[in-house]
Amino acid sequence: MTDDESIRLNPAWQSVRVVALAAGVVFLLLAMALGLMQEDKSYFFHTFLTSFVYFLSISLGALFFVPIHFLARAGWNVVVRRVAELMMQNLIPMSILFLVILLPVIFGSSSLFDWNNPELLVKGGKDYDQLIAHKEPYLNWGFFAIRAVIYFGAWIWIARYFFTNSLKQDGTGDKQITLNLQKNSSLAVIVFALTVTFASFDWLMSLDPHWFSTIFGVYFFAGCAVSFFAAITVILFLLQNDGKLVGIVTKEHYHDIGKYTFGFTLFWGYIAFSQYLLIWYANIPEETEWYLRRQEHGWAYVAIFLLLGQFFIPFFGVMSRHVRRNKYALTGWAIFILVMHYVDLYYIIMPQVGNAEGAPTFGLTDICCLLGIGGIYISSLIWFATDKPLVPIKDPRLNESLALQNH
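Residues numbered from 1 in each chain as written. Predicted model: local features only at pLDDT ≥ 70, side-chain atom pairs only at ≥ 80, totals over all residues. Heavy atoms only, no water.

Engineer: I'd like to hear about the overall build of the protein, residue by residue, with values.
Structural biologist: The helix and strand tally for the protein stands at 16 helices and 0 strands. In terms of overall size, the protein behaves like a compact globule, its C-alpha atoms giving a radius of gyration of 22 Å where 407 residues would be expected to give roughly 22 Å. Seen along its three principal axes, the alpha-carbon backbone of the protein occupies a region of about 70 × 40 × 40 Å. Considering only residue pairs separated by 6 or more positions, the protein has 82% of its internal contacts joining residues 24 or more positions apart. Looking at the protein as shown, the accessible area adds up to about 17700 Å², and 68% of this sits on carbon and sulfur atoms. Where the 26 positive side-chain charges of the protein centre and where its 28 negative ones centre are 12 Å apart. (Helix = DSSP H or I, 4+ residues; strand = E, 2+ residues; numbered from the N terminus. Rg over C-alpha atoms; globule rule 2.2 N^0.38 Å. Contact = heavy atoms within 4.5 Å. Areas by Shrake-Rupley, 256 points an atom, 1.4 Å probe, with all protein chains shown as cover. Lys, Arg positive; Asp, Glu negative; His and termini not counted. Charge placed at Lys NZ, Arg CZ, Asp CG, Glu CD.)

What follows is the structure, given as structure tokens:
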């Protein structure tokens with residue numbers, strides 16, 4: 001534990017950071033160029049939003065993980081908490097990338113959000129939409145931008161507050177810092193719950209301004225949580241393959257992360273089924289239209305694939321205690337879950353593209369957006385981790401975490 005080399009990144013990771021950043025920028029520019037060449041210019045914005053929310057949701061899961069464990073006075077998670085703290089710092093570069101979505105909205109584009117089309121609000125006009133006009137006090141570019149600033153401001157404040165105090169404790173060992181973080185964690189969790197819910201309404205649900213689901217925020221949160229636990233499993237695996245955290249993060253910690261992965265996979269399935277069941281049972285046209293669009297032109301196959309891949313297959317795959325205690329098996333399942341999380345967001349966002357018949361058309365633009373934002377995400381994660389210990393070395397509950405045993 002006192003071996004400094006085992007809890008810090010090697011200089012070689014800086015080369016990975018530079019390559020990832022360069023590749024990310026190149027792939028994003030390529031995606032933009034491909035988007036301009038497409039007949040439907042809105043396609044790029046939709047696939048950008050899909051990849052953006054994909055990586056954002058992983059960091060939001062980290063933003064949930066850190067305060068909730070302080071709130072619960074948990075000790076098992078200390079040796080993996082610093083990695084989660086680093087992951088939530090990526091909300092800073094994600095706030096900058098969000099400008100690709102926000103600026104077109106401010107300048108009047110309705111490529112992503114139909115509610116930003118002023119012709120739909122002209123009473124008596126041929127395109128007048130009464131329902132969208134009714135929602136105009138909430139769904140307008142000015143309030144949309146203000147809410148986005150509030151969301152990112154709150155998230156970044158929470159991320160920086162917990163991270164800077166954790167780093168400060170690395171130097172001082174002051175136990176009062178832990179007590180203060182525990183005290184303020186309840187406020188952080190409340191702010192997290194409110195902002196994540198309304199952000200999912202704004203950026204995902206309002207893609208179809210006629211549709212509404214009061215459970216959608218919980219559905220999005222479930223995706224954030226399960227993708228985070230999958231992502232941190234992969235990151236810990238990669239670090240240990242490089243000789244980091246060996247003997248510090250043990251199969252006992254993988255086992256606990258696996259329990260969370262299994263639990264939130266079940267929770268995601270429960271919420272997804274609840275949302276579908278309630279809308280099916282109520283049979284209100286404004287609600288059923290959203291699912292109807294996703295049952296036509298090939299999207300029903302994506303829905304079936306999602307049901308199997310996001311719930312049934314990983315549910316049985318991660319159920320076994322032996323799998324959860326084997327980091328190779330658990331990492332394999334984590335990669336599978338991360339792939340399915342992208343499919344989940346693709347299923348939510350891409351049917352709203354107004355292309356010919358709205359059929360699934362996953363292609364080069366989608367891949368370039370995913371690799372572009374992914375490259376920037378990985379690069380900034382390494383940048384935040386540079387010169388910092390990968391474990392909170394003077395946390396008062398570190399020894400408890402190191403001695404973790406599952407019975």
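And the narrative resumes.
Engineer: Which residues make up the state of the cysteines, and what are the values?
Structural biologist: The final tally for this structure, using the stated rule, is 0 disulfides. Here Cys224 is not cross-linked by a disulfide; its sulfur's nearest cysteine counterpart is in Cys369, at 19 Å. Free of any disulfide, Cys368 has its nearest neighbouring cysteine sulfur in Cys369, separated by 7.5 Å. We classify Cys368 as buried; its relative accessible area is 2%. (Disulfide = S-S within 2.5 Å. Buried < 20%, exposed > 50% of the residue type's maximum accessible area, 1.4 Å probe, protein only.)

Engineer: Before we move on, could you go through the layout of surface pockets and cite the residues and values that matter?
Structural biologist: For the largest pocket, the calculated volume is near 740 Å³. Lining of the largest pocket is provided by 27 residues; of these, Val234, Ile235, Leu238, Tyr377 and Ile378 occupy positions nearest its centre. Sorting the residues of the lining of the largest pocket by element identifies helix 2 (42-71), helix 3 (78-89), helix 9 (216-241), helix 14 (327-349) and helix 15 (364-385) as the ones contributing at least two each. Examining the composition of the lining of the largest pocket, we find that 9 residues originate from one element, helix 15, more than from any other. The class makeup of the residues in the lining of the largest pocket is 25 nonpolar, 2 polar and no charged. Taken as a whole, the second largest pocket encloses approximately 450 Å³ of empty space. Around the second largest pocket, the lining is made up of 17 residues, and of these Ala272, Tyr276, Tyr291, Ala303 and Leu307 lie nearest the centre. In terms of residue count, the dominant contributor to the lining of the second largest pocket is helix 10 (residues 251-282) (6 residues). (1 Å grid on protein atoms, 1.4 Å probe; cavity = no way out; pocket = protein on both sides within 12 Å on 5 of 7 lines; lining within 4 Å. Points joined across faces, edges and corners; volume = space filled by probe spheres on them. Nonpolar A, V, L, I, M, F, W, Y, C, P; charged D, E, K, R; others polar.)

Engineer: How would you explain empty space enclosed by the protein if you had to name every residue and give the values?
Structural biologist: Evaluated as defined, the whole model comprises 4 cavities of 30 Å³ or more. When its volume is computed, the largest cavity comes out at roughly 90 Å³. In terms of lining, the largest cavity is formed by Val66, His69, Phe70, Ala74, Asn77, Val78, Arg81, Thr178, Gln182, Asp395 and Arg397. Those elements that provide at least two residues to the lining of the largest cavity are helix 2, helix 3 and helix 8 (175-203). With 3 residues, the single largest contributor to the lining of the largest cavity is helix 2. Residues of the lining of the largest cavity, tallied by class, amount to 4 nonpolar, 4 polar and 3 charged. Here the second largest cavity is characterised by a volume of approximately 40 Å³. Each residue belonging to the lining of the second largest cavity can be placed in one class, and the counts come to 5 nonpolar, 2 polar and no charged.

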